[in-house]
Amino acid sequence: MIAIRIVLATAVAALAGFAFHVVYGRGFAQDYLSSAGESGRLADLLQEPYPTYVVTIAALTALIPTLGKVIAWLLVRDKLPGVTTACKALWFTGLMMLISQDFLRMPIMNLLVGMPIDVWAVLSAEQWVVVPITCFLIAFIAPPREPKPSEKPS
């Protein structure tokens, strides 16, 4: 029964998210963006190289999803297989990569629509490098877990 509920939760949640993505993201939102562009409302968007304040805000807001990963690590580290921090960090990396659509889904979709493999590899490599680096840094720098009372030496 547990396996059925896992499959059902995965399928229903993915279907709901995908349906909204297609109807809204590839429908209304895309049409709205095109309309805004055609009317000239996007002409004043900043272009690279971005001013220092944009780069600063980008760096500061990068703390938000990273904090989420730190919190996730603190919540799941004891449940991950392995004894060593390195082994647990490897499992955590796999979990974080599995969660992100940038790891497998988007590379598969990019290949499916005909993106040249060299372009695909260059675009995909960023996530394949950034996620493991951040996960291992989190695992080794985050505060260690407090031993349970039954584990404390007497």
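No experiment lies behind these values; they were computed from the predicted model shown.

Peer 1: Please clarify how the overall build of the protein should be interpreted in this entry.
Peer 2: When helices and strands are counted, the protein shows six helices and zero strands. Secondary structure elements in the protein, listed N-terminal to C-terminal, are α-α-α-α-α-α. Rg of the C-alpha trace for the protein: 21 Å, well past the compact-globule value of 15 Å for 154 residues, more than 25% over. Summarising its shape, the C-alpha atoms of the protein cover approximately 75 × 50 × 30 Å along the three principal directions. In the protein, buried positions account for 14% of the 154 residues. Sequence separation of 24 or more characterises 51% of the internal contacts of the protein that already satisfy a separation of 6 or more. Of the roughly 12000 Å² of accessible surface on the protein, a fraction of 72% belongs to carbon and sulfur atoms. Computed over 11 positive and 10 negative side-chain charges, the separation of the two mean positions in the protein equals 16 Å.

Peer 1: Explanation requested: the confidence of the model for the protein in the structure shown.
Peer 2: Interpretation of this model should avoid reading the predicted coordinates in detail wherever pLDDT is low. When pLDDT is averaged across the protein, the result is 93; 98% of the residues are at 70 or more. Within the protein, no element has a lower average pLDDT than helix 5 (residues 105-112), which sits at 90, and none a higher one than helix 3 (residues 63-76), at 97.

Peer 1: Looking at this structure, I do not really get the packing of aromatic side chains. What am I missing?
Peer 2: Describing an aromatic ring pair means giving the distance of the ring centres and the angle of the ring planes. Scanning the model with the defined rule gives seven aromatic pairs in all. Here a set of aromatic residues connected by ring pairs shows up, and it is made of Phe20, Tyr24, Phe28 and Tyr32.

Peer 1: Help me out: how do you make sense of the pattern of salt bridges in this one?
Peer 2: It is possible for side chains bearing opposite charge to pair when their charged atoms get close. According to the stated counting rule, one finds one salt bridge in the structure shown. Taking the shortest distance from any N to any O, the salt bridge between arginine 145 and aspartate 78 comes out at 3.1 Å. Taken together, the residues arginine 145 in the segment after helix 6 (117-141) and aspartate 78 in the loop between helix 3 and helix 4 (85-99) connect sequence positions 67 residues apart. Given the relative accessible area of 33%, arginine 145 is considered partly exposed. Accessibility expressed as a relative area gives 45% for aspartate 78, which makes it partly exposed.

Peer 1: Even after reading the chapter, I still don't get the packing of helix 2 (residues 52-61) against helix 3, so can you show me in this structure?
Peer 2: Axes are the key here: two packed helices are described by the angle between their axes and the distance separating the axes. Where helix 2 meets helix 3, the closest approach of the two axes is 5 Å, and the angle between their N-to-C directions is 15 degrees. Classified by the angle between their axes, helix 2 and helix 3 sit roughly parallel to one another. Contacts from Ala59, Leu60 and Thr61 in helix 2 reach Leu63, Ile64 and Pro65 in helix 3. Counted by class, the contact of helix 2 with helix 3 contains five nonpolar, one polar and no charged residues.

Peer 1: In this structure, what is going on with the layout of surface pockets? I would like to understand it.
Peer 2: In this approach the atoms are scanned with a rolling probe the size of a water molecule, which exposes any empty space left behind. Put simply, the largest pocket is a space of about 190 Å³. Residue composition of the lining of the largest pocket, grouped by class: seven nonpolar, two polar and four charged.

Peer 1: Explain the nonpolar core here, please?
Peer 2: Where a protein is soluble and globular, its nonpolar side chains tend to be buried together. Ranked by size, the top nonpolar core spans twelve residues in total: Ala72, Trp73, Leu80, Ala89, Phe92, Met96, Met97, Val131, Cys135, Ile138, Ala139 and Ala142. Looking at this core, the elements with two or more residues in it are helix 3, helix 4 and helix 6. Not counting the four nearest positions on each side in its chain, valine 131 is found in contact with Thr93, Met96 and Met97.

About the thresholds
Residues numbered from 1 in each chain as written. Predicted model: local features only at pLDDT ≥ 70, side-chain atom pairs only at ≥ 80, totals over all residues. Heavy atoms only, no water. Helix = DSSP H or I, 4+ residues; strand = E, 2+ residues; numbered from the N terminus. Rg over C-alpha atoms; globule rule 2.2 N^0.38 Å. Buried < 20%, exposed > 50% of the residue type's maximum accessible area, 1.4 Å probe, protein only. Contact = heavy atoms within 4.5 Å. Areas by Shrake-Rupley, 256 points an atom, 1.4 Å probe, with all protein chains shown as cover. Lys, Arg positive; Asp, Glu negative; His and termini not counted. Charge placed at Lys NZ, Arg CZ, Asp CG, Glu CD. pLDDT = per-residue confidence, 0-100. Phe/Tyr/Trp six-rings, centres within 6.5 Å; stacked < 30°, edge-to-face > 60°. Salt bridge = Lys/Arg side-chain N within 4 Å of Asp/Glu carboxyl O. Axes fitted to C-alpha atoms, helices over the stretch in contact; angles between N-to-C directions. Parallel < 35°, antiparallel > 145°, perpendicular 65-115°, else oblique. Nonpolar A, V, L, I, M, F, W, Y, C, P; charged D, E, K, R; others polar. 1 Å grid on protein atoms, 1.4 Å probe; cavity = no way out; pocket = protein on both sides within 12 Å on 5 of 7 lines; lining within 4 Å. Points joined across faces, edges and corners; volume = space filled by probe spheres on them. Core = buried A, V, L, I, M, F, W, Y, C linked by side-chain atoms within 4.5 Å.

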